[in-house]
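Here is what each chain is made of, one letter per residue.
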Amino acid sequence: MGSSPSGSPFLPQSTGSTQKTLSVYLDISPTNEKGEPSVRGPTIRVSSHPLPAYAYYRSATGHLERQKFESQGRVKIDIYKLRKKLFWIRRRLERVDLTDEERSSLEAERDRLVSLTEKLLRKIYSGSALYGDRFVIDVPVAYSQLCKALGINPSDVGVSLFVRSAVMDLEFDDSSRSALKISYVSRLFAGKYHPAKGISKGFKEARRVVRDLLVLQEFLDGSLLSYHKGDYVTSNSLLPMRFFVLTLPEEISYYIWSKLREGDDSALKLFKKISSQAIRDFLFYLAQKEGIPINKSYFVPGFLQNIHPTGDRDPFKPHFHAHFSVVFVVYDKSSHTWYRLNPVLDEADLEKLREIWKALVVEAFSEILSGDTLTKDFNVWVGDRYYSLPHDYVGVLFEIKYNARKMFVNYSSYYERNSFSDDFDRSFVSFIFDYKNRTERYGFLTNIKRYLSRLSISAVKKRLEELRELLDRIEADLLVVDSGRFPLLYQSLLDKREAVQSEISRLESVLNNPDDAFRVLYDEISRDVESMLSPRTVKENRIVSLLESLHGKRVVGLSVEYIRYLTRDGEEVLDVPLHKFLEARRSVVLLSDRHKTVEFMLWWDPFWEDPPDVLELKIPNS
């Protein structure tokens, strides 16, 4: 498989090859240019790689084009808004105090949304749906043209895809059930500059961070203090997060780039320093606002920082901005207490953040700023929602993944709205293609173990209480279950009792040693978290979220059975190459997951003997 896509007409190139650098392949011939035998030895003819070498292997849509499928159209659905609207209407209609007019209006809006979702669901339930991440499913052809212009080898922007199919049995919160067969991209082998490779870098970093956050939440469960107006304090279990963006004025972005071109990164380092200081100062302001008794010298926040040198609206020019993934929790080093901040922000809070940010930028870059810029507010973004861990861990994973991605992915996003032009600054674009986009950790996220070690004994005691309660329930069940009539159930309860008793003994043995207690508990929690963050589990959760949004109902029960295929050698496999999956289909609906939105793309093969049934769902090409 390697770096060359299956079926690619070009061999994979080594990292330092001439072909990668010049975007050519070499045809060594024993004849001269006139076709006559050469007396001086072979001549070298240089040719450019043709665009199909890039375009046909760029994504699932590229493979479909190569196999002569035709596009019937596409439609994009904001899954988050659709889900929120349907669930809100459903809860609202349960009220008994609605007027007839309001009830009628809500029912009409619900019926309109359901009519749309039913059409989309029929295509998914038809068995021809293929689900995958955004740039696994579709990469614009113009991105291939850019890579060709930059001299990147086709094998570095190609991708080989493998598909897995499963039968999902769903149980909804209204006691209804549904079963469907769905396929998704399960494995891929992407070249160095394929957008999916850039996203993959972000996913690996996000997975490490979310693992630590879920461990943190489990340790702090029930011991996270919230201060409220009225001078009362409550304990919490959920870990809130928000995502911030701090943007620099245009003249400073161009200044930082000009210094980087000279080999001087001091301006970039200064930007990183003041942007992280702005977040720290803002979190301390929130702590003071809520009356949390904490001194600034003992105040420890927790957040991540990613510096982006450009955006996806116009990635061909410098646009330096800082992305922050912020945990709304702070630690007091003096009292060893953890406090939860209120994640609901108002306009006064945002104005305070703008004020903090502008003051720091002006102090650091005053000689660069124009008088007109100094009169304006500086841009900050805080997103439209907050997340709560562990419930929203998949959403947090996607947000951090986006922040940590390789920045050349921005060109794929740009070309979804624009056509290719070779009029661009090659030095800046080359800088973006090689930009590292490091994720910097701050505060307690730099070393989770060190900050959590003091909680080990209390956390073990809490776990012991839970296990003893479970043991009591098992003992009660053993008293009422007839071992003669139900031997298997009775034996299962005995086995469970033995396992719980063993776990209680193990935890009791480490209660007098904080280091051992922490190690035992940390390892146990980490194992549970790792299973939650497996690629398969995350993929299943995303599919379930999509189906919940389209059904307008919550999934409360799920079982998944994977379909195995026989190879020519008689071996059973779960994953098949994409081209094998497509060979058996007259039409296919691609589901491109963009986190908050899902794009439905309908393709069909006009060379099938019978015309495909594509009229059931009409998707306009516009």
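For the structure, see preceding data.
The following refers to the structure shown. Computed from a prediction, not measured in an experiment: that's the story for all the values here.

With 19 residues, helix α11 (residues 347-365) extends 27 Å between its outermost C-alpha atoms, agreeing within 8% with the 27 Å of an ideal straight helix rising 1.5 Å per residue. Buried within α11 we find D349, L353, R354, I356, W357, K358, L360, V361, A364 and F365. For α11, the secondary structure elements touched by its buried residues are β9 (239-247), α9 (250-261), α10 (266-289), α12 (371-374) and β13 (380-381). Where α11 starts, the residue carrying a side-chain oxygen 3.1 Å from the main-chain nitrogen of A348 turns out to be D346.

Turning to the pattern of salt bridges, a few remarks are in order. Going through the model one piece at a time under the given rule, you end up with 42 salt bridges. R58 serves as the salt-bridge partner of E65, at 3.0 Å between the closest nitrogen and oxygen. When the shortest N-O distance is used, the salt bridge between D169 and R177 registers 3.0 Å. D169 gets classed as partly exposed once you look at its relative accessible area, which sits at 25%. Through salt bridges with shared partners, one network takes in R74, R134, D138, E416, R594 and E599.

Below, the discussion takes up helix α20 (residues 535-551). When the terminal C-alpha atoms of α20 are compared, their 24 Å separation across 17 residues agrees well with the 24 Å that a helix rising 1.5 Å per residue should span. Three or more residues of α20 are buried, namely V538, K539, E540, R542, I543, V544, L546, L547, E548, S549 and L550. A positive phi of about 70° marks G552, the residue just after α20.

Another point: the nonpolar core. Among the nonpolar cores identified, the biggest contains 68 residues, and F244, W357, Y411 and F433 are the most heavily contacted of them. Top element by residues in this core is α10. It accounts for 12 residues. The contact partners of F433, leaving out residues within four places of it in the chain, are Y143, L146, C147, L150, I152, Y193, F408 and Y411.

Further remarks concern the environment of S430. Tracing the sequence through the fold places S430 in helix α15 (residues 426-434). A relative accessible area of 35% means that S430 is categorised as partly exposed. Along the backbone, S430 and F408 are 22 residues apart, and their C-alpha atoms lie at a distance of 9.1 Å. In terms of polar contacts, S430 uses its side chain to reach the backbone carbonyl oxygen of R426, at 2.8 Å.

Turning next to the pairing of strand β5 (residues 159-172). For β5, a buried count of 11 out of 14 residues is recorded, marking the element as mostly surrounded by other parts of the structure. With 13 bridges connecting them, β5 and strand β6 (residues 177-190) associate as antiparallel partners. If you follow V163 over to β6, its bridge partner there is V185. The loop that links β5 with its antiparallel partner β6 comprises 4 residues; one of these, S175, has a positive phi angle of about 75°. Sheet topology places β5 next to strand β19 (residues 575-577); 3 bridges connect them, and they run antiparallel. The residue bridging R164 from the neighbouring strand is D575, located in β19. Taken together, the 7 bridges between β5 and strand β16 (residues 555-562) define a ladder with antiparallel strand orientation. By the bridge assignment for β16, D169 is matched with S559.

In this section: the packing of aromatic side chains. Tallying each qualifying case throughout the model produces 28 aromatic pairs. Ring centres 5.2 Å apart and planes at 80° place the aromatic pair F284 and F299 in the edge-to-face group. Here F284 is found in helix α10, whereas its partner F299 is found in strand β10 (residues 299-308), with 15 residues between them in sequence. On the basis of an interplanar angle of 50° and a centroid distance of 6.2 Å, the ring pair of Y415 and F420 is categorised as tilted. Overall, the relative accessible area of 5% leaves Y415 in the buried class. Pairwise contacts between aromatic rings join Y143, Y193, F316, F408, Y411, Y414, Y415, F420, F424 and F433 into one cluster. Its guanidinium or amino end placed over the ring of F162, R187 lies 4.7 Å from that ring's centre, counting from NZ or CZ. For the cation-ring pair, R542 lies above F398, with the distance from its terminal atom to the ring centre recorded as 4.6 Å.

The subject of this paragraph is the side chain of T61. Along the chain, the position of T61 falls in helix α3 (residues 60-66). Residues in contact with T61, not counting those within four places in the same chain, are I137, D138, V139, L590, M601 and W603.

What follows deals with the side chain of E399. Residue placement: E399 occurs in helix α13 (residues 393-404). Lacking a salt bridge, the buried E399 has K596 as its closest oppositely charged neighbour, with an N-O distance of 4.1 Å. Not counting residues up to four positions away in its chain, the partners in contact with E399 are F243, Y387, H595 and K596.

Cut-offs and rules
Residues numbered from 1 in each chain as written. Predicted model: local features only at pLDDT ≥ 70, side-chain atom pairs only at ≥ 80, totals over all residues. Heavy atoms only, no water. Helix = DSSP H or I, 4+ residues; strand = E, 2+ residues; numbered from the N terminus. Expected span 1.5 Å × (residues − 1). Buried < 20%, exposed > 50% of the residue type's maximum accessible area, 1.4 Å probe, protein only. Contact = heavy atoms within 4.5 Å. Polar contact = N/O pair within 3.5 Å; in protein donor to acceptor, adjacent residues only side chain to side chain. Salt bridge = Lys/Arg side-chain N within 4 Å of Asp/Glu carboxyl O. Core = buried A, V, L, I, M, F, W, Y, C linked by side-chain atoms within 4.5 Å. Pairing = 2+ DSSP bridges. Phe/Tyr/Trp six-rings, centres within 6.5 Å; stacked < 30°, edge-to-face > 60°. Lys NZ or Arg CZ within 6 Å of the ring centre and 35° of its normal. Lys, Arg positive; Asp, Glu negative; His and termini not counted.

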